[in-house]
Amino acid sequence: MLESNAGQTVAAVIQHNKAEVDLIHPAMNMEIDLGLDSLARAEVFAALEQAYSTEFRSEKATAALTVADVINLCASVSGLKRRSRRIF
């Protein structure tokens with residue numbers, strides 16, 4: 001899952017916003033395991049929206065609790081797997 005384009009993008013955004021994260025696993029909770037507070041989560045989703053030229057519905061972003069949830073959300077946007085832009 002992390003090997004996919006969406007997975008690599010999500011991991012890069014998380015690491016950019018939480019530099020001290022050494023390991024990212026799809027089952028990790030964004031808040032509990034990775035220590036992303038509400039502001040950091042908002043920054044992660046803003047960066048992903050920019051990377052994929054889309055806007056996630058707030059209900060879906062709020063419901064994405066794990067790294068896998070965020071990857072799946074990114075992958076669910078049509079054409080995303082092929083068209084993510086470089087973000088950093």
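All values reported here derive from a predicted model rather than from experimental measurement.

A short note on the nonpolar core
Where a protein is soluble and globular, its nonpolar side chains tend to be buried together. Of all hydrophobic cores here, the largest spans 26 residues; its most connected members are Leu48 and Val67. Of all the secondary-structure elements, those providing two or more residues to this core are helix 1 (5-17), helix 2 (38-52) and helix 4 (67-76). Among the elements that take part in this core, helix 2 stands out by supplying seven residues, more than any other.

With respect to the pattern of salt bridges
Pairing between side chains of opposite charge can happen when their charged atoms approach one another. If you walk through the whole model with that rule in mind, you get three salt bridges. Taking the shortest distance from any N to any O, the salt bridge between Glu59 and Arg57 comes out at 3.0 Å.

Re unusual backbone geometry
With the exception of glycine, most residues fall at negative phi, and the peptide bonds are largely trans. Positive phi, close to 50 degrees, is recorded for Ser53, a residue that is not glycine. Its place among the elements puts Ser53 in the loop between helix 2 and helix 3 (58-63).

A few points about the side chain of Thr66
By secondary structure assignment, the location of Thr66 is in the loop between helix 3 and helix 4. Here the side chain of Thr66 touches Asp69 through a polar contact of 3.0 Å, landing on its backbone nitrogen. Among all residues touching Thr66, those that are not within four sequence positions of it are Pro26, Ala27, Met28, Asn29 and Met30.

With respect to the confidence of the model for the chain
Per-residue confidence for the chain gives a mean pLDDT of 89, with 88% of residues at or over 70. The lowest-confidence element of the chain is helix 5 (residues 80-83), averaging 47 in pLDDT; the highest-confidence one is helix 4, averaging 96.

Details of the packing of aromatic side chains
Enumeration according to the criterion identifies one aromatic pair in this entry. Where Phe45 meets Phe56, the ring centres are 6.1 Å apart and the plane angle is 80 degrees; that geometry is what we call edge-to-face. Placement of Phe45 in helix 2 and of Phe56 in the loop between helix 2 and helix 3 is noted, with a sequence separation of 11 residues between them. No difference in accessibility class separates Phe45 from Phe56, as the two residues are buried.

Digging into the packing of helix 2 against helix 4
Packing of helix 2 against helix 4 brings their axes to within 11 Å, and their N-to-C directions diverge by 25 degrees. Taken together, the axis directions place helix 2 and helix 4 in an arrangement best described as roughly parallel. The way helix 2 lies across helix 4 gives a crossing that is right-handed. Contact residues: Phe45, Leu48 and Tyr52 in helix 2; Val70, Leu73 and Cys74 in helix 4. When its residues are assigned to classes, the contact of helix 2 with helix 4 shows six nonpolar, no polar and no charged.

Calculation notes
- Residue positions are given per chain, counting from 1 as you read along its sequence in written order.
- Under the rules for a predicted model, residues below a pLDDT of 70 receive no local features and side-chain atom pairs below 80 are neither given nor counted, while totals for whole chains, interfaces and linings still include all residues.
- Side-chain measures were taken over the full set of non-hydrogen atoms in the model, leaving aside hydrogen atoms and water.
- By convention a nonpolar core is built from buried Ala, Val, Leu, Ile, Met, Phe, Trp, Tyr and Cys residues, the set being connected through side-chain atoms within 4.5 Å.
- The buried label goes to any residue with under 20% of its type's maximum accessible area, the exposed label to any with over 50%, and the partly exposed label to all in between, with areas taken from a 1.4 Å probe on protein chains only.
- Only DSSP runs of H or I reaching four residues or more are called helices, and only runs of E reaching two or more are called strands; each is numbered from the N terminus.
- A pair is scored as a salt bridge if a Lys or Arg side-chain nitrogen falls within 4 Å of a carboxyl oxygen belonging to Asp or Glu.
- N or O atoms closer than or at 3.5 Å make up a polar contact, with two conditions inside protein: a donor-capable atom paired with an acceptor-capable one, and, for residues adjacent in sequence, both atoms drawn from side chains.
- In what follows, a contact means two residues having at least one pair of non-hydrogen atoms within 4.5 Å.
- Known as pLDDT, the predictor's confidence for each residue is given on a scale from 0 to 100.
- Aromatic rings from Phe, Tyr and Trp, taking only the six-membered ring of Trp, are treated as a pair when their centres fall within 6.5 Å; an angle between ring planes under 30 degrees marks them as stacked, one over 60 as edge-to-face, and anything in between as tilted.
- The axes used here are C-alpha line fits, helices contributing only the stretch in contact, and every angle between their N-to-C directions lies in the interval 0 to 180 degrees.
- An angle below 35 degrees is treated as roughly parallel, one above 145 as roughly antiparallel, one from 65 to 115 as roughly perpendicular, and anything else as oblique.
- By the definition used in this description, the sense in which the near helix is turned from the far one sets the handedness, with an anticlockwise turn below a right angle giving left-handed and a clockwise turn giving right-handed.
- Under the scheme applied here, ten amino acids are nonpolar (Ala, Val, Leu, Ile, Met, Phe, Trp, Tyr, Cys and Pro), four are charged (Asp, Glu, Lys and Arg), and all others, including Gly, are polar.

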